[in-house]
Amino acid sequence: MTPSTPDPLDSDDPRPRRPGRRQLLLAGTAGAGVLGVGAAAIGLDRSLQGPAPSAAPALHGNETVPFHGEHQAGIETPAPASATFLALDLREDVDREGLLRLLRLLTDDAARLTQGRSALADTEPELAAEPAALTVTVGFGPGLLERADREIPAWLAPLPAFEIDALQEQYTGGDLLLQIAAEDPLTVSHAARMLLKDARAFTRVRWVQRGFRRSPGIQAPGSTMRNLFGQMDGSANPQLGSEHFAKVVWIDEGPFAGGTSMVIRRIRMELDGWDEADRAAREQSTGTRLADGAPLSGGSEFSQPDFEAVSENGFAVIPEFAHLRRARGVDEGEHQEIFRRPYNYDVPPPAGSTAISEAGQLFVAFQADLAGQFVPIQQRLADLDLLNQWTTPIGSAVFAIPPGCAEGEFVGQSVLE
Amino acid sequence: MSRTTQFRTSRPGSLSRRAALTFLIALPLAACSAGSGDGADASADDASDSGAADATAADTLTVTDPWVKAAEEGMTAAFGTLVNGTGADLVLIAVTTPATERVELHETTADGSGGMSMQEKEGGFEIPAGEELVLEPGGNHIMLMDLPQPLLPGDEMELTLVFSEGTEHPFTATVKDFAGAQEHYVPEDAENTSDGGGEHAGHGADE
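Residues numbered from 1 in each chain as written. Chains lettered and ligands numbered in written order. Predicted model: local features only at pLDDT ≥ 70, side-chain atom pairs only at ≥ 80, totals over all residues.

**Student:** Now, about the overall build of chain B: what can you tell me, with residues and values included?
**Tutor:** Scanning chain B from terminus to terminus reveals 3 helices and 12 strands. A buried classification covers 40% of the 207 residues belonging to chain B. Nonlocal contacts in chain B, meaning residues at least 24 apart in sequence, comprise 67% of its contacts between residues at least 6 apart. (Helix = DSSP H or I, 4+ residues; strand = E, 2+ residues; numbered from the N terminus. Buried ≥ 20, exposed ≤ 12 C-beta atoms within 10 Å, placed from the backbone. Contact = placed C-beta atoms within 7 Å.)

See below:
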């Protein structure tokens, strides 16, 4: 897998595909046409043999995602099941030289752990043995660049205050971001702990957010995730490995060339209120069918929505307030795209609360041009989106993701040196 | 980035940080006692006759995953795994480093009261041909004392292994914040009883 094309399985199929053992095992039943000959043959073999009662289950523990490359892993790589997002603040006396030491340590840890090797001075090396497609992605907040005496891009700042926001300090901002994700929560927990131990001399934890997606082996690779509202979420994403993706996500010039911008917003989902909405109202709110994510104008999940379509009553089939219509800028004549890589969260309700749940989404989006791509979409949704009735952004942070690094380099070296 | 560094031999002197970060460093084979034809040299010659690939694998002393516990002052220790691929038995008799003049080789043994104590290893560590010496917290280690300057997390530190037959093997270790390695030191003088690499070491910064 070369750094520039993390997904080697390029095809016309609009759905992102997830390489790895799972894909091989699924190939026999999920259509092997786009797979390499070898992979297809293996899949076919297995399907012809039928399920052998004694066959060992497919294991995902040994899956690895390359760490070094043109871009950092964890963006244009399939989103694994479990993720921890850490925002760290630099201690007051950490200078530029200290920052470089910190980043060298974190890079070394990440390079080892993602490949299934224990970190240097890892006190639980056995927990590193199953990397489970672990990725570690590093992001810089404005405070870090200031400390490093480097120019802060104009866009690297808190998002404009949107009317829908009810931000809590505890989920906002940060000097340094670590996105740690794998197919296994134990792997993620160990990696996070190891990275935090090496960051401790330089940073304090600002916030920790954990999220989950479907476990491996549950759905065909590349399937669009459903959020806790039951909606297909991410159908419009550019396909991993495509030129389209590169255009949407990767910055092409300047110090962050090969990197991107990242937005992470904690979106509380009012599940109690959602319970009151009937199925028709739910589908109207997004403009898509719950069953398969297809636009209400018809077709399948990836069909182009027909925003001109009107019902017998003369109303737009995909209503003016529908999330899909608003996100696409149909009525403003605009069109921007971002790449979403969200995780769900479901945590205990606050102590003393009568709520039965506290849940939502860690909305994570990557885009080359934060101001030109993300902000207009978010502004439109803040202005009008029926989904806002059941969602509240309670956290928000923006980070600059430096490009990937080669062996012997540290993450962010090209930005900071 | 791999922290496995290989040295085919002995060239006292410093390595740049850049070089230390490089995946693999191979230095030309040359004993300090040039032309002496001692055991290590002889076996090296034998191995190189059998092919370049074998020579690379067989003629090296390898230091795998070397690291040093961060310390603000006082003492600390260096760890890692020394793999003797030279084909000859080696005895590690000393370690030198620009970081401090006072370095000792220590072994850790049961102190008879349920704990472990560390003390200087008489005569150094023998590393038979083909075997490895593991230096780790709670076990054998390289003791660094009387640090004139703090060793900060993320620093790269140069050390040189000195073997009994006169060869030297430089390597670079990463300084790591580490809570363990709190072995009690059995001192010759009471002033050194505190573990300078203790619980606050390396938490650096502003604590």
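**Student:** Give me the lowdown on the overall build of chain A, citing residues and values where you can.
**Tutor:** Helix and strand counts for chain A stand at 11 helices and 11 strands. Across the 417 residues of chain A, 50% fall into the buried class. Residue pairs in contact within chain A that sit at least 24 positions apart in sequence constitute 74% of those at least 6 positions apart.

**Student:** If you had to explain the pairing of strand β11 (residues 391-401) of chain A to someone new, which residues and values would you point to?
**Tutor:** All names here are of chain A. Within β11, 9 of the 11 residues are buried, which leaves the element mostly enclosed by the surrounding structure. Taken together, the 10 bridges between strand β7 (residues 260-269) and β11 define a ladder with antiparallel strand orientation. Note that in β11 the partner of I264 across the bridge is A397. (Pairing = 2+ DSSP bridges.)

**Student:** Could you give an account of the confidence of the model for chain A, naming the residues involved and the relevant values?
**Tutor:** For chain A, the average pLDDT comes to 89, and 87% of its residues sit at 70 or higher. In this model, residues 1-48 of chain A is a region of pLDDT below 50 whose contacts with residues beyond four sequence positions or in other chains number 77 contacts. (pLDDT = per-residue confidence, 0-100.)

**Student:** Any details on unusual backbone geometry? Residues and values, ideally.
**Tutor:** Only a minority of non-glycine residues have a phi that is not negative, and only a minority of peptide bonds are not trans. Residues and elements named next belong to chain A. Notably, A121 is not glycine yet its phi reads approximately 65°, a positive angle. With respect to the helices and strands, A121 occurs in the loop between α3 (96-113) and β2 (135-140). C-beta crowding within 10 Å serves as the criterion here: with 26 such atoms nearby, A121 is assigned to the buried category. One non-glycine residue with positive phi stands out, namely A133, at about 65°. Here A133 is to be found in the loop between α3 and β2.

**Student:** Explain the environment of T187(A) to me, using residue names and the numbers behind them.
**Tutor:** All names here are of chain A. One can find T187 in helix α5 (residues 185-199). Sequence separation of T187 and L290 is 103 residues, and the distance between their C-alpha atoms is 33 Å. Ignoring sequence-local partners within four residues, the contact set of T187 consists of E130, P131, A132, L134 and A182.

**Student:** Tell me what's going on with the nonpolar core, and back it up with residues and numbers.
**Tutor:** If you look at the biggest cluster of nonpolar residues, it comprises 132 residues, and the most contacted ones within it are L106(A), V136(A), I180(A), A191(A), L195(A), A78(B) and I142(B). With 8 residues, the single largest contributor to this core is α3(A). In this structure A78(B) touches P66(B), V68(B), L135(B), H141(B), I142(B), L144(B), L159(B) and A173(B), once residues within four positions along its chain are discounted. (Core = buried A, V, L, I, M, F, W, Y, C linked by C-beta atoms within 7 Å.)

**Student:** Hey, could you go over the environment of N344(A) for me, with residue numbers and the actual values?
**Tutor:** Residues and elements named next belong to chain A. Locating N344 in the fold gives a position in strand β9 (residues 343-347). Assessed through the 20 C-beta atoms surrounding it within 10 Å, N344 is described here as buried. For the pair N344 and D93, spaced 251 residues apart in sequence, the C-alpha separation works out to 36 Å. When residues no more than four places from it in sequence are discounted, the contact partners of N344 are G211, F212, R213, N227, L228 and Q361.

**Student:** So what's going on with the packing of α3(A) against α5(A)? Residues and values would help.
**Tutor:** All names here are of chain A. As a packed pair, α3 and α5 sit with axes 9 Å apart at the nearest point and diverge in direction by 160°. Viewed along their axes, α3 and α5 adopt a mutual orientation that is roughly antiparallel. For α3 against α5, the interelement crossing comes out right-handed. Each of L102, L105, L106, D109 and L113 in α3 lies in contact with α5, whose residues at this interface are A191, M194, L195, D198 and A199. Here the residues of the contact of α3 with α5 sort into 8 nonpolar, no polar and 2 charged. (Axes fitted to C-alpha atoms, helices over the stretch in contact; angles between N-to-C directions. Parallel < 35°, antiparallel > 145°, perpendicular 65-115°, else oblique. Left-handed = near helix turned anticlockwise from the far one by under 90°. Nonpolar A, V, L, I, M, F, W, Y, C, P; charged D, E, K, R; others polar.)

**Student:** Could you give me a rundown of the pairing of strand β10 (residues 358-367) of chain A, with the residues and numbers involved?
**Tutor:** Looking down a regular strand, the side chains alternate between one sheet face and the other. Residue and element names in this part refer to chain A. Of all 10 residues in β10, 8 are buried; the element is thus mostly enclosed. Looking at chain direction, strand β8 (residues 339-340) and β10 are connected through 2 bridges and run antiparallel. Bridged to F339 within β10 is F366. Judged from the 5 bridges that link them, β9 and β10 form a sheet pairing that is antiparallel. Each bridged residue has a counterpart across the sheet, and for D346 the counterpart in β10 is A359.

**Student:** An account of the environment of S118(A) is requested, with residue identities and associated values reported.
**Tutor:** Checked against the element boundaries, S118(A) lands in the loop between α3 and β2. When neighbours within four sequence positions are excluded, S118(A) is seen to be in contact with R112(A), P125(A) and A128(A).

**Student:** Before we move on, can you summarise α5(A) with the specific residues and values?
**Tutor:** In an α-helix, one full turn covers 3.6 residues, which means residues spaced three or four apart are oriented alike. Compared with the 21 Å implied by 1.5 Å per residue over 15 residues, the 21 Å span of α5(A) between its first and last C-alpha is a close match. In the core, the buried residues of α5(A) are packed alongside β1 (82-90), α3, β2, β3 (176-182) and β4 (203-212) of chain A together with β11 (168-176) of chain B. (Expected span 1.5 Å × (residues − 1).)

**Student:** Go over the confidence of the model for chain B with me, naming the residues and quoting the values.
**Tutor:** Residue and element names in this part refer to chain B. For chain B, the average pLDDT comes to 72, and 60% of its residues sit at 70 or higher. pLDDT under 50 marks residues 1-58. Its contacts with residues more than four places away, or in other chains, come to 103 contacts. Overall fold confidence for the complex sits at a pTM of 0.80, while the interface term, ipTM, reaches 0.81.

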